[in-house]
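This is what each chain is made of:
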Amino acid sequence: SISINTTCLPQSLAHQKVRMVIMQTATRPLVGAHGAPFARRAALVPKARRQPGSPRRTSKIGSSSTSSTTTTTTNLSEANGPATSTVARPDLHFDLNQAVELRATVTVNMKNFWLKEDMLDQALDVFHNLFTQNWLYLELVSSELDPKTGQEWDVVSGKVQHSRSLEEDWHMYDASFMVPASFGPIGAVQVKNYHYTEMLLGDIKVFPAGENSGSSAVALFHCNSWINPSQYSPEKRSFFPLENSYLPSQTPKGVERLRESELVALRGTGYGERKAYDRIYDYDVYNDLGDPCKDKSTNRPVLGGKEHPYPRRCRTGRPHCRKYPLSETIPPKGVSIYVPEDENFTERKELAFNTKLFMSLLHGICRIMKRSKHSSQSFPTLEAINAMYDDEFRNQPLQPDGGKFKFIAEFLEKEALLLFEKEGAEFLEGIRRVFEFETPEIHDRDKYAWFRDEEFARETLAGVNPLSIQLVRELPLVSKLDEKIYGPADSLITKEVIEEQINGVMTAEEAVAKKKLFMLDYHDLYLPFVNKVRQLEGTTLYGSRALFFLAGDGTLRPIAIELTRPKSASKPQWREVFTPASGHKASITGSWQWQLAKAHVVCLDTGYHQLVSHWLRTHCCVEPYIIAANRQLSQMHPIYRLLAPSFRFTMEINAQARKLLINADGIIESTFSPGKYSMEISSAAYAEQWQFDKEALPEDLIRRGMAVRGEDGKLELAIEDYPYANDGLLVWDAIKQWASDYVAHYYACAADIVDDVELQAWWKEVRTKGHADKKDEPWWPHLDCHESLVQTLSTIMWVASAHHAAVNFSQYPYGGYVPNRPSIARINMPSEIGPDGMRAYMEAPDKVLLDTFPSQYQSALVMAILDVLSSHSSGEEYLGTYQEPAWQQNGKINNAFEDFRERMLRIAVQVNKWNRDPERKNRCGPGMVPYVQLRPSDGDPMAAKTVMG
């Protein structure tokens, strides 16, 4: 990490000798621990997943010459870095006799040199270049105009020479400047790299020349941006100081053109293929998920447009396939999908490389699976599933970061083909030897939790997907789909079925009126895809409804499941209701059928969680906000600086997902029930369900009937003990108060918001380009007052941090145990199959259940990918603990953030208290996994020893 001097900065350089410090590094990896697709951004809790060899973690409850005649622009890089552009200027000169001498220091290391195979051959040359030559140039830009000419000051340039080495690949260099006494405050610094490889620019600190580097700064820049060699990027890079954030109308005159030209550069022209060193942000549809040029079976529909509405992704400009002109070609093997340069990960290169190699090999296994004659073999027994987990995991020696993934990746690269020729116990032993899976917490705490109805119901409120449960507001239950196409719209879960299951304690109408009935409803979303999915090999699908009754102790009890297959050209509609086998009607046959029905519902919930709750809502829909922000908001804009932490690395993660997870024949298609139709289902959910104004937690709860707003404006929950909502509302209120304080500081009145041309252009582009398929919807908020702006910003920050944490970091603790959350159902219900199906079921019901679960191969893949996705990185930034350097430079903003931090700490205390409260039976009980997904971090990654996140 980079330490930053937070001393308030003087407003003028008059008669001051200054010194400059620039921090750089060059160890950027391909991927980092952030780099596991989907695992990203400001998280809520630290170190959710332990490293191999560390103690087992369970969910704890407490615990000198004139410059050239051009200047260039780019942006302050706090996360995404600067843009480039050139602005012609007259050749202005000043009298050096009236100038003040300045000094500067710089540190640098080059990006790829230390890992190149020909390192020894280049060592002497590089040493000469890095330590003895002047290859890095710096220029200071005044924030004021020259009072003699009324034009921009000429920039003041300085060369950099090596000073000393620092820890962790950082090196410090020295430089000198001569600055006119009337130069005014520094408005920007410009950088140019004449070396042959890129570098990462960190902080730039300007301070009095006669003082040491720890003295008060004259200007401070937090760049954190990759600077490409001049042969690739001939334009200079520009960065703005931290001490002031400016609305467009407040921009100092000396940098007005710089501010605008950097945005123009970041937008690009919309033409041409993007290169790895580009920093251009633009939009495109999802037309690169398949590779039909090489394999026509991987051709997938374009997502984005009238037929398949979808958010837009970052444009890469790659050529389209000749035979399939709607599809964009995929990058060659070993080449990453383009994202703007500063969206890439900046963690240690080796760790990142190993993680990405691991992901790539898992993707390769998916292709091997398709050809393997043994890819469909089921687990022979439940004990064989349990054998997948290493009981000695807790005693493994501590490995360095990435050690586990590196070992697995190297093994798979050598032995994957051989592994997939093995059968039965031999294969299981091979998987066990390679992956050494940790026992998921749900199974570690209670070996039989997955089988219990109580846990099935509890996880709808406190599991990995607590965003689908909804209140039943009326009976009968009716589908909105066309009866002519899909069959009768009415549900077989009738009033009589409900009353029988609740033992006549009240009528069905009374149960609805008293808000006692709740439902997981995946009927209308999945049903249009059932017949198509069933044409695929090794999978099946239903439309489903699962009904729950709210008991007096505040827990849910499942009372009925309805599975539906729509009618087709050759078959009528099939549907059946399954109920728990209890009371005088209890039977072994009914008990096993109920377990099979639950397995099908959980498969559907698992797919919805991954494709909608997680990928669509917290990754895919967020990318347009990021693209628009970089195109329309200057990086000296206060709103850009507010949102930057929430956006960090999202685009890189999404690009990886397109290449490895959600692509044709990728991990999702190979291991989840919808198969090749997975992304079409995600598109359908976007078209039918996604509304920006409902992405805020309170509005989402109200939409699902899980809360109502009282006369006092406060929310009243339909289920008092709803851990996701209980904890989430506390976090939501804290985020919104932080956003409110921040907005109030920069916008004195509504007119300032309306007149902010960059802000309005950003929001317009989000609607009309980023979410173009929904641009005419009436529910989009208008940024015309304090409340609407705060609500909009709070919603974005909530989704990118807390919502994401709730659906990401608990994936392995719950889904790592296959019977608890199977990702695919491979065979139909025995009663649908007919006499043959029932006969096999009656003879060996446990075998039917195991044949329904994912195969051994699919299970190993899912467990491996969930293990990666659920992991926190050692450098993760946690909501309420990490303060952006720009916020530290403003006293009022710093105080507001400290208030935010204190609120988050109090929330952590409250969550711990609730997790110990035996009255809260949805989060506290024997063998129960406590709810910690939304527990804020206390700032110490080792203090919160939780597997959740």
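Residues numbered from 1 in each chain as written. Predicted model: local features only at pLDDT ≥ 70, side-chain atom pairs only at ≥ 80, totals over all residues. Heavy atoms only, no water.

Student: Quick question: what am I supposed to make of the overall build of the chain here?
Tutor: A tally of helices and strands in the chain yields 31 helices and 20 strands. Relative to its 949 residues, the chain shows a buried fraction of 63%. With the model as given, the accessible surface of the chain reaches about 35400 Å², and the carbon-plus-sulfur share is 52%. (Helix = DSSP H or I, 4+ residues; strand = E, 2+ residues; numbered from the N terminus. Buried < 20%, exposed > 50% of the residue type's maximum accessible area, 1.4 Å probe, protein only. Areas by Shrake-Rupley, 256 points an atom, 1.4 Å probe, with all protein chains shown as cover.)

Student: How should I be thinking about helix 28 (residues 845-852) in this particular structure?
Tutor: Spacing of three or four residues puts side chains on the same side of an α-helix, whose turn is 3.6 residues. In terms of residue burial, helix 28 counts as a mostly covered element, since six of its eight residues are buried. Of all the residues in helix 28, the buried ones are Pro-845, Val-848, Leu-849, Leu-850, Asp-851 and Thr-852. Here the buried face of helix 28 lies against helix 4 (382-386), helix 14 (588-620), helix 26 (830-833) and helix 27 (835-843). (Contact = heavy atoms within 4.5 Å.)

Student: Would you explain the pattern of salt bridges in this entry?
Tutor: Oppositely charged side chains may form a pair once their charged atoms are brought near each other. This model, assessed by the stated rule, comprises 44 salt bridges. Here Glu-669 ties to Arg-300 by a salt bridge, and the two come within 2.8 Å at their closest N and O atoms. You can see Glu-669 sitting in helix 18 (residues 667-671) and its partner Arg-300 sitting in the loop between strand 12 (283-284) and strand 13 (313-314), a full 369 residues away along the chain. Under the relative-accessibility criterion, Glu-669 is labelled buried at 11%. Salt bridges sharing partners connect three or more residues here, namely Asp-284, Asp-288, Arg-313, Arg-318, Glu-328 and Arg-658. (Salt bridge = Lys/Arg side-chain N within 4 Å of Asp/Glu carboxyl O.)

Student: Would you mind going over the nonpolar core with me for this structure?
Tutor: For soluble globular proteins, the rule of thumb is that nonpolar side chains tend to be buried together. In this structure, Phe-518, Trp-738, Trp-762 and Trp-798 are the most contacted members of the largest nonpolar core, which totals 163 residues. The biggest single contributor to this core is helix 14, with 13 residues. Excluding residues within four positions of it along the chain, Trp-798 makes contact with Glu-695, Leu-697, Tyr-724, Gly-728, Val-731, Trp-732, Ile-735, His-803 and Leu-934. Core analysis: the next-biggest nonpolar cluster, separate from the first, contains 30 residues, Phe-177, Leu-201, Phe-221 and Phe-239 among them. (Core = buried A, V, L, I, M, F, W, Y, C linked by side-chain atoms within 4.5 Å.)

Student: What is the right way to read empty space enclosed by the protein from this model?
Tutor: Take a probe with the size of a water molecule and roll it over the atoms, and the empty space left behind shows itself. Approximately 240 Å³ is the volume found for the second largest cavity. Lining the second largest cavity are 20 residues; nearest its centre among them are Phe-456, Glu-459, Lys-598, Val-602 and Asn-820. At the level of secondary structure, the elements contributing two or more residues to the lining of the second largest cavity comprise helix 8 (453-462) and helix 14. If you tally residues by element for the lining of the second largest cavity, the top one is helix 14, at six residues. Taken together, the residues of the lining of the second largest cavity break down into eleven nonpolar, four polar and five charged. (1 Å grid on protein atoms, 1.4 Å probe; cavity = no way out; pocket = protein on both sides within 12 Å on 5 of 7 lines; lining within 4 Å. Points joined across faces, edges and corners; volume = space filled by probe spheres on them. Nonpolar A, V, L, I, M, F, W, Y, C, P; charged D, E, K, R; others polar.)

Student: Explain the environment of Phe-900 to me, please; I cannot follow it from the model alone.
Tutor: If you trace the backbone, Phe-900 turns up in helix 31 (residues 891-915). Assessed through its relative accessible area of 4%, Phe-900 is described here as buried. Separated by 19 residues in sequence, Phe-900 and Thr-881 place their C-alpha atoms 9.2 Å apart. Beyond its immediate chain neighbours, meaning those up to four positions away, Phe-900 contacts Ala-734, Ile-735, Trp-738, Leu-879 and Gly-880.

Student: What is the right way to read the packing of helix 21 (residues 723-746) against helix 24 (residues 786-808) from this model?
Tutor: Helix packing geometry: the angle between the two helix axes and the distance between the axes. It is the contact of helix 21 with helix 24, at a shortest axis distance of 8 Å, that shows an interaxial angle of 135 degrees. With respect to their mutual orientation, helix 21 and helix 24 come out oblique. Here the hand of the crossing between helix 21 and helix 24 comes out right-handed. In the contact of helix 21 with helix 24, the residues fall into 15 nonpolar, seven polar and two charged. (Axes fitted to C-alpha atoms, helices over the stretch in contact; angles between N-to-C directions. Parallel < 35°, antiparallel > 145°, perpendicular 65-115°, else oblique. Left-handed = near helix turned anticlockwise from the far one by under 90°.)

Student: Hey, could you run me through unusual backbone geometry in this one?
Tutor: Peptide bonds are mostly trans, and most non-glycine residues show a negative phi. Following Leu-475, the chain continues into Pro-476 via a peptide bond in cis, with omega recorded as 0 degrees. Mapped onto the secondary structure, Pro-476 falls in the loop between strand 14 (470-471) and helix 9 (483-486). If you check the backbone angles, Asn-224 has positive phi at about 50 degrees while not being a glycine. Residue placement: Asn-224 occurs in strand 10 (residues 219-227). Take Asn-224: its relative accessible area is 18%, and that puts it in the buried class. At Phe-649, a residue that is not glycine, the phi angle is positive and equals roughly 70 degrees. In this structure, Phe-649 sits in the loop between helix 16 (638-647) and helix 17 (650-660).

Student: Help me understand the packing of helix 15 (residues 623-632) against helix 23 (residues 757-770), please; the structure alone is not making it clear to me.
Tutor: The contact between helix 15 and helix 23 brings their axes to 9 Å, and the two run at 140 degrees. Relative to helix 23, the element helix 15 is oriented oblique. Note on packing geometry: the crossing formed by helix 15 with helix 23 is right-handed. Of helix 23, the residues touching helix 15 (which contributes Pro-624, Tyr-625, Ala-628, Ala-629, Arg-631 and Gln-632) are Glu-758, Ala-761, Trp-762, Glu-765, Val-766, Lys-769 and Gly-770.

Student: Could you clarify how one ought to interpret the state of the cysteines in this entry?
Tutor: Here is the idea: a disulfide is a covalent bond, and it sits between the sulfur atoms of two cysteines. Applying the stated criterion across every chain yields a total of one disulfide. The structure places no disulfide on Cys-620, whose sulfur is separated from the nearest cysteine sulfur, that of Cys-621, by 5.4 Å. Classification of Cys-620 by relative accessible area gives buried; the value is 0%. (Disulfide = S-S within 2.5 Å.)

Student: What am I meant to see in the side chain of Ser-678 here?
Tutor: Tracing the backbone through its elements, the reader meets Ser-678 in helix 19 (residues 678-689). Among the polar contacts listed, one links the side chain of Ser-678 to the backbone oxygen of Gly-675, at a separation of 2.7 Å. Setting aside residues up to four positions removed in sequence, Ser-678 forms contacts with Leu-611 and Ile-668. (Polar contact = N/O pair within 3.5 Å; in protein donor to acceptor, adjacent residues only side chain to side chain.)

Student: In this structure, what is going on with the sheet that holds strand 14? I would like to understand it.
Tutor: Adjacent strands of a sheet form backbone hydrogen bonds with each other and so pair up, either parallel or antiparallel. Read across the sheet, five strands follow the order 14-15-16-17-18 without closing on themselves; strand pairing throughout is antiparallel. Each end of this open sheet is capped by a strand with a single partner; those strands are strand 14 and strand 18 (574-578). Contacts from helix 8 reach strand 15 (517-521), strand 16 (543-550) and strand 17 (556-565) within the one sheet, and its direction differs from that of strand 17 by about 85 degrees. Set on the sheet, helix 14 makes contact with strand 15, strand 16, strand 17 and strand 18; between it and strand 17 the angle comes to about 80 degrees. (Pairing = 2+ DSSP bridges.)

Student: Explain the pairing of strand 4 (residues 99-106) to me, please; I cannot follow it from the model alone.
Tutor: Taken residue by residue, a regular strand's side chains alternate between the two faces of the sheet. Of all eight residues in strand 4, six are buried, a share of seventy percent or more. The pairing of strand 4 with strand 7 (residues 171-180) spans eight bridges and is antiparallel. The residue bridging Thr-105 from the neighbouring strand is Asp-174, located in strand 7.

Student: Sorry if this is basic, but what is going on with the pairing of strand 16 here?
Tutor: Most of strand 16 sits out of view: eight of its eight residues are buried. Residues Gly-543, Arg-545, Leu-547 and Phe-549 point to one face of strand 16 and Ser-544, Ala-546, Phe-548 and Leu-550 to the other, with burial holding for every one of them. By the bridge criterion, five bridges tie strand 15 to strand 16 in an arrangement that is antiparallel. Paired with Leu-520 across the bridge in strand 16 is Ala-546. Relative to strand 17, strand 16 runs antiparallel, the two sharing eight bridges. Across the sheet, Phe-549 pairs through a bridge with Arg-557, a residue of strand 17. Joining the antiparallel neighbours strand 16 and strand 17 is a turn of five residues, in which Gly-554 adopts a positive phi near 85 degrees.

Student: I tried to follow the confidence of the model for the chain on my own but got confused; where do I start?
Tutor: Caution applies to low-pLDDT regions: their predicted coordinates should not be interpreted in detail. With 77% of its residues at a pLDDT of 70 or more, the chain shows a mean pLDDT of 82. Scored below 50 in pLDDT, residues 113-118 shows eleven contacts in the model against residues more than four places distant or in partner chains. (pLDDT = per-residue confidence, 0-100.)

Student: I'm lost on the packing of aromatic side chains in this one. Help?
Tutor: To describe a pair of aromatic rings, you give the distance between the ring centres and the angle between the ring planes. Throughout the structure, instances matching the rule amount to 32 aromatic pairs. Where Trp-450 meets Phe-853, the ring centres are 6.3 Å apart and the plane angle is 70 degrees; that geometry is what we call edge-to-face. Taken together, the residues span a long stretch of sequence, with Trp-450 in the loop between helix 7 (441-445) and helix 8 and Phe-853 in the loop between helix 28 and helix 29 (856-869) at a distance of 403 residues. Just as Trp-450 is buried, Phe-853 falls in that class too. Seen in terms of ring centroids, Trp-887 and Phe-897 are 5.4 Å apart; in terms of plane orientation they differ by 40 degrees. Their pairing is tilted. Residue Trp-887 is found in helix 30 (residues 885-888), and its partner Phe-897 is found in helix 31; the two are separated by ten residues along the sequence. Residue placement shows Arg-534 over the ring face of Tyr-542; its charged tip is 4.7 Å from the ring centre. A cation over an aromatic ring shows up here: Lys-774 above the ring of Tyr-686, its NZ or CZ 5.1 Å from the ring centre. (Phe/Tyr/Trp six-rings, centres within 6.5 Å; stacked < 30°, edge-to-face > 60°. Lys NZ or Arg CZ within 6 Å of the ring centre and 35° of its normal.)

Student: What should I look at first to understand the environment of Ile-561 in this one?
Tutor: Tracing the backbone shows Ile-561 in strand 17. We classify Ile-561 as buried; its relative accessible area is 0%. Taking the C-alpha atoms as reference, Ile-561 lies 5.7 Å from Arg-545; in sequence the two are 16 residues apart. Other than its neighbours up to four places away in sequence, Ile-561 contacts Phe-456, Arg-545, Ala-546, Glu-576, Val-577, Phe-578, Trp-594, Ala-597, Lys-598 and Val-601.

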